[in-house]
Amino acid sequence: MTKNILLSGVGGQGTITAAKMLTIGLMEAGYDVKMSEIHGMSQRGGDVVSQVRYSKEKVYSPVIDKGTADIVVSFEEMEALRCLDYLQPGGTVVVNTERIPSMTVLTGAEEYAEDVIEEIQKAVEKTHVMDASGMAKELGNVKAANVILLGALVKLMGLDDIDWEGIIRKNVKEKFVDLNLKAFQVGADAVK
Amino acid sequence: MKRLLTGDEAIARGAWEAGVTHASAYPGTPSTEILENIAKYEEIYAEWAPNEKVAMESAAGASMAGARSIASMKHVGVNVAADPMMTFATMRVNGGAVLVTADEPGMFSSQNEQDNRNFAKMGKMPMFEPADSQECLDMMKEAYEVSEEYGALVLMRMVTRVCHSKSLVEVGERKEVPVKPWEKDLARFVCVPANARVNRVNMEERTKKLAEYSENCKFNFAEYGDGKVGVIASGPSYYYAKEVFGEDASYLKLGFTNPLPKNLIQEFASKCETIYIIEEDDPYIEEFVRVLGIECHGKDVFPSYGEMTPNVLRKALYGEELPQVEYAKEKVIKRPPTFCAGCPHRGLFYRLGKRKDVMITGDIGCYTLAFAQPYAALDAAICMGASISMGHGAQKVYNKAGIKRKVVTVLGDSTFFHTGVNSLMNTVYNNSNTINVILDNRITGMTGHQQNPGTGYTVKGEEANMIDMETLVRAIGIKHVKVIDPNNLKEVDEAFDAFWDLDEPSVIITRYPCVLKKFSPADLEQFPGLFQTKNVVDAEKCIGCKLCQKTGCPALIFDKATKKVVINRADCVGCDVCTQVCPKNAIVKEEK
Ligand SMILES: Cc1ncc(C[n+]2csc(CCOP(=O)(O)OP(=O)(O)O)c2C)c(N)n1
Ligand code: SF4
């Protein structure tokens, strides 16, 4: 069976790096993997989605069909809501409690609802709300939020057997290795 | 060994393995990373050309000289390159030559959707359509064999999903291909009508041979299921179809699609009850199949535009998507791309948008976003370089009709070098009085920060000759030129004021680096303290008028609780545009 993971966020949040480590881990564990990313424009502020599909057999499409994602991991509240079309009924959501207003909100054309988290919880029973940005700050660097979310994702998908420590060591700058190893563990522990 | 590569990375790897030694390209999503990755290989000379026509010609010349060469570009880039491409395609190439076109079904970051497979048909060029990264690599290697065997320029048709998706690739080693001898051969390389006529006839012979190749090409293959449903598909549509039609269906996967394999298609069709043709954009394969007299379903069922993802196929076939979670869709906000905090385009458009009796013709780049709120400072955009020439046309009409309206044209540095410079020649030659703004942010921003003829570096990061824009503009004959700092709003206003009533053309160059650029030593020297500071709002002075937010900076956030604006420290780079707008001088530098 092909498993489907969708990561979403806003440009600059590190979704792409998290998705990259995830796919390397899956590849090294012997899965067939496809990942699709739409990152058209270089400006910050647009939404970013990475889709990862993996299986012990051949994976065909690199894109996830609506209603089939096993898990949606969102780095931002609104982006979790936006991606619920992709979640399969009964699927899991991990949402970071960060709220990034878009230009339409800043100019007053639209309202960023206060109860986005409640809406997600209403729609999805298996919702994990995490203050990954706050947790990362406590570890000493907000940027580690993406690896905290990766840790949670790996735990929830039962992918703990893979040598994530080795992958983190190989893929982050040396001075950030310890921080990221801690972040990964914090994320995994948060969804135990 | 297997590696996880994007299609673009695999194209680059394939070119390297095939012994390519010359690569030329102009950036454009989703093709940009092809040249960026090729540039990492020492064995390949790689360059950013100022535009796609030049890239195609550079690759054509390299091929004539005997090297294996590649040109890569986005779909609309092929329009620019079409002139050399269409005639080079009629010649018998010397070194193998491949043109990669990256099409954009769904238009994720493009101004139109066009199916460049039609170019292959029109130019009678052999064409491949890879479905994943492995095929990108394998087809590149095969493309050079085909190019040299049949003497033809080969078109490699990519789509966004293939360019930007990663999948596992078994990589190989590089095969060194020596430069072939060049011999003076006028009939072959000089396309005067007498020679062109011979080439034209020869192409028919070539097409016949290629049609035979197509029947036996390993990239055109059938997989048989229970014989009821047969799917003919090319590119990633093959994989999408497999998700929806499953293992019982039969598939004819076409990877070499010009010329199409007639016999293979007929044989496949004879073994299936119902035929579906799944392809992105135009009914390119479908029309061929219908001409063969084969009954089939194609664009009567599936959309003629956008991607053929499983979701789209399912909806078209069964009228519904898979069951989904229900949620409060109405609460989802839009998230359009915006100028970055500190973007040097902000100051210019913030002020330009306030001018009256003006038409602003724009171009393609980050600055195209100026059409949106809160600026609404861009009235038209078609294609790269068009701002200056469209503006010229419009200004002529207004002047002749006695309508008092100033035309301001705006384009970026890369776009100016691309084709804007030709347009400016027209403006000078035919004496318009447009104001032409060149937004020189020292880089090609929108496509992810590529060097260009004005930045002083090559794609390999080596120092290069730097074309001085001001000298160039003056050399063309523009007498009124100002180079300004766009973050200084007073300078912006004064420049427009000075040129507004002229009867002659003028140019304003706004010079300040893009925030996301990796600054060169020259940048750091020329712009001291570049983005080194942070601003804060003095809450005591802020009256919550939100005027600063009219600059559209995403770092300025209105705090509903305190009714005052706060600056998101992580985003702010201290450009000071908001500081100049605040009526209460409430925005100040953060104390160190
Ligand atoms: C013919 C063509 N080639 C390439 C592109 C892709 N493209 C869109 S914007 C852009 C670069 C614009 O750079 P610049 O003019 O320097 O403006 P900036 O984005 O830096 O503001 C490119 C290459 C295109 N749209 N059309
Ligand atoms: S990438 Fe550069 S040019 Fe584009 S919006 Fe950001 S700062 Fe402006």
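Criteria and cut-off values
Residues numbered from 1 in each chain as written. Chains lettered and ligands numbered in written order. Predicted model: local features only at pLDDT ≥ 70, side-chain atom pairs only at ≥ 80, totals over all residues. Heavy atoms only, no water. Pairing = 2+ DSSP bridges. Helix = DSSP H or I, 4+ residues; strand = E, 2+ residues; numbered from the N terminus. Axes fitted to C-alpha atoms, helices over the stretch in contact; angles between N-to-C directions. Contact = heavy atoms within 4.5 Å. Phe/Tyr/Trp six-rings, centres within 6.5 Å; stacked < 30°, edge-to-face > 60°. Buried < 20%, exposed > 50% of the residue type's maximum accessible area, 1.4 Å probe, protein only. Near = heavy atom within 4 Å. Nonpolar A, V, L, I, M, F, W, Y, C, P; charged D, E, K, R; others polar. Buried area = accessible area lost by both parts, 1.4 Å probe. Salt bridge = Lys/Arg side-chain N within 4 Å of Asp/Glu carboxyl O. Polar contact = N/O pair within 3.5 Å; in protein donor to acceptor, adjacent residues only side chain to side chain. 1 Å grid on protein atoms, 1.4 Å probe; cavity = no way out; pocket = protein on both sides within 12 Å on 5 of 7 lines; lining within 4 Å. Points joined across faces, edges and corners; volume = space filled by probe spheres on them. Parallel < 35°, antiparallel > 145°, perpendicular 65-115°, else oblique. Left-handed = near helix turned anticlockwise from the far one by under 90°. Domains from an automatic or database assignment. Areas by Shrake-Rupley, 256 points an atom, 1.4 Å probe, with all protein chains shown as cover. Sits in = over half its atoms within 2 Å of the grid points.

*Asks:* Got a minute to help me understand the sheet that holds strand β11 (residues 250–254) of chain B in this structure?
*Replies:* Two orientations exist for strands paired in a sheet by backbone hydrogen bonds: parallel and antiparallel. Residues and elements named next belong to chain B. Ordered by their spatial adjacency, four strands build an open sheet running β9-β11-β10-β13, and the pairing between neighbours is mixed. The open sheet has two edge strands, β9 (220–223) and β13 (274–278), and neither has a second partner. Each strand axis lies, on average, 15° off the axis of its neighbour in the sheet, ignoring direction. By the bridge criterion, five bridges tie strand β10 (residues 229–234) to β13 in an arrangement that is parallel. Bridge assignment links I232 to a residue of β13, and that residue is I277. With respect to the sheet, helix α10 (residues 237–245) is in contact with β9, β10, β11 and β13, its orientation differing from that of β10 by roughly 155°.

*Asks:* Is there a simple way to think about the packing of aromatic side chains in this case?
*Replies:* Two aromatic rings are characterised by how far apart their centres lie and by the angle between their planes. With the rule as written, the count across this model stands at 21 aromatic pairs over all chains. Relative to B:Y41, the ring of B:W16 has its centre 5.0 Å away and its plane inclined at 15°; by these criteria the two rings are stacked. Highlighted residues: B:W16 in helix α1 (residues 7–17) and B:Y41 in the loop between α2 (32–38) and β3 (45–48), separated in sequence by 25 residues. For B:W16, a relative accessible area of 11% corresponds to the buried category. Plain terms: the ring middles of B:Y224 and B:F268 are 5.7 Å apart, the flat faces sit at 35° to each other, and that makes the pair tilted. Taken as a pair, B:Y224 in the loop between β9 and β10 and B:F268 in helix α11 (residues 262–270) lie far apart in primary sequence, 44 residues in all. On the basis of relative accessible area, B:F268 is assigned to the buried category, the value being 0%. Every member of this aromatic cluster is reached through a ring pair, and the members are A:Y60, B:F221, B:Y238, B:Y239 and B:Y251.

*Asks:* In this structure, what is going on with the site of ligand 2? I would like to understand it.
*Replies:* With respect to spatial proximity, 12 residues lie near ligand 2, and among them B:C340, B:C343, B:C366, B:C514 and B:V515 are the closest. Near ligand 2, residues from chains A and B are present, making the site a shared one. Looking at side-chain class alone, the shell around ligand 2 contains seven nonpolar, five polar and no charged residues.

*Asks:* Got a minute to help me understand the interface of chain B and chain A in this structure?
*Replies:* Buried accessible area, meaning the area lost when the parts come together, often serves as the stated size of an interface. With 58 residues of chain B at the contact, the number on the chain A side is 58 residues. Here chain B packs against chain A, burying approximately 5100 Å² in sum over the two surfaces, 60% of which is carbon and sulfur. The shortest N-O distance in the salt bridge between B:R335 and A:E76 comes to 3.0 Å. Remark: the boundary between chain B and chain A carries 20 residue pairs in polar contact (both at pLDDT 80 or more). For the side of chain B that touches chain A, the elements supplying multiple residues, two or more each, are β1 (2–6), α7 (160–164), β8 (165–170), α10, α13 (310–318) and β20 (556–559) of chain B. Split by residue class, the side of chain B that touches chain A holds 25 nonpolar, 16 polar and 17 charged. Direction of pairing for strand β2 (residues 32–38) of chain A relative to β8(B): antiparallel, over a ladder of three bridges. From the neighbouring strand, A:S36 faces β8(B), where its bridge partner is B:S165.

*Asks:* Got a minute to help me understand the layout of surface pockets in this structure?
*Replies:* Empty space left among the atoms is revealed by rolling a probe the size of a water molecule over them. Residue and element names in this part refer to chain B. Considered as a void within the structure, the second largest pocket measures approximately 700 Å³ in volume. Contributing to the lining of the second largest pocket are 39 residues, with Q111, I364, G365, M384 and M446 lying nearest its centre. Elements supplying a minimum of two residues to the lining of the second largest pocket: α4 (75–88) and α16 (413–429). In terms of residue count, α16 provides more of the lining of the second largest pocket than any other element does, four residues in total.

*Asks:* Would you explain the environment of B:E280 in this entry?
*Replies:* Residues and elements named next belong to chain B. If you trace the backbone, E280 turns up in the loop between β13 and α12 (284–291). Residue class for E280 comes out buried when judged on its relative accessible area of 3%. Sequence spacing of E280 and V312 is 32 residues, and the spatial spacing of their C-alpha atoms is 11 Å. Every residue in contact with E280, bar those within four places of it in the chain, is listed here: P105, D115, R117, R157, V159, P236, S237, Y240, G306, E307 and M308. Only 2.9 Å separates the side chain of E280 from the backbone nitrogen of M308, close enough to count as a polar contact.

*Asks:* Would you take a moment to explain the packing of α1(B) against helix α6 (residues 133–150) of chain B for this structure?
*Replies:* Any two packed helices are characterised by how steeply their axes cross, that is the angle between the axes, and by the distance between the axes. Residue and element names in this part refer to chain B. Their axes nearest at 8 Å, the elements α1 and α6 cross at an angle of 25°. As the angle between them shows, α1 and α6 are arranged roughly parallel. Between α1 and α6 lies a crossing whose hand is right-handed. Seen from α1, the contacting residues are G7, A10, I11, R13, G14, A15 and E17; seen from α6, they are S133, C136, L137, M140 and K141.

*Asks:* Just to check I follow, could you spell out the domain arrangement of chain B for this structure?
*Replies:* All names here are of chain B. Considered domain by domain, chain B is made up of domain 1 (2–211), domain 2 (220–318), domain 3 (345–526) and domain 4 (535–589). Residue-level contacts link 28 residues of domain 1 with 22 residues of domain 2. For the domain 1 and domain 2 pair, buried surface summed over both sides reaches about 2000 Å², with 50% attributable to carbon and sulfur atoms. Put simply, domain 1 and domain 2 have four salt bridges between them.

*Asks:* Mind showing me how you'd approach the side chain of B:T455 here?
*Replies:* All names here are of chain B. Assignment of secondary structure puts T455 in the loop between β16 (435–440) and α17 (469–476). Within the structure, the side chain of T455 is placed 2.6 Å from the side chain of Q451, a separation counted as a polar contact. Sequence-distant contacts of T455, that is, excluding residues within four places in its chain, are made with R442, I443 and M466.

*Asks:* Explanation requested: the environment of B:K534 in the structure shown.
*Replies:* Residue and element names in this part refer to chain B. Note on placement: K534 falls in the loop between α19 (521–526) and β19 (535–537). A relative accessible area of 22% means that K534 is categorised as partly exposed. When residues no more than four places from it in sequence are discounted, the contact partners of K534 are R569, A570, C572, G574, V588, K589 and E590. In terms of polar contacts, K534 uses its side chain to reach the backbone carbonyl oxygen of C572, at 2.8 Å.

*Asks:* Whenever I open this one, the site of ligand 1 confuses me. Can you help?
*Replies:* Residue and element names in this part refer to chain B. Within the structure, ligand 1 sits among 26 residues, and E52, H345, D413, T415 and G445 are positioned closest to it. Y367 is positioned such that a nitrogen or oxygen atom in its side chain is 3.5 Å from an oxygen atom of ligand 1. In the environment of ligand 1, an oxygen atom lies 2.5 Å from a nitrogen or oxygen atom belonging to the side chain of T415. When ligand 1 sits alone it has 590 Å² of accessible area, and the protein chains cover 98% of it. The pocket occupied by ligand 1, as judged from atoms lying within 2 Å of grid points, is the second largest pocket.

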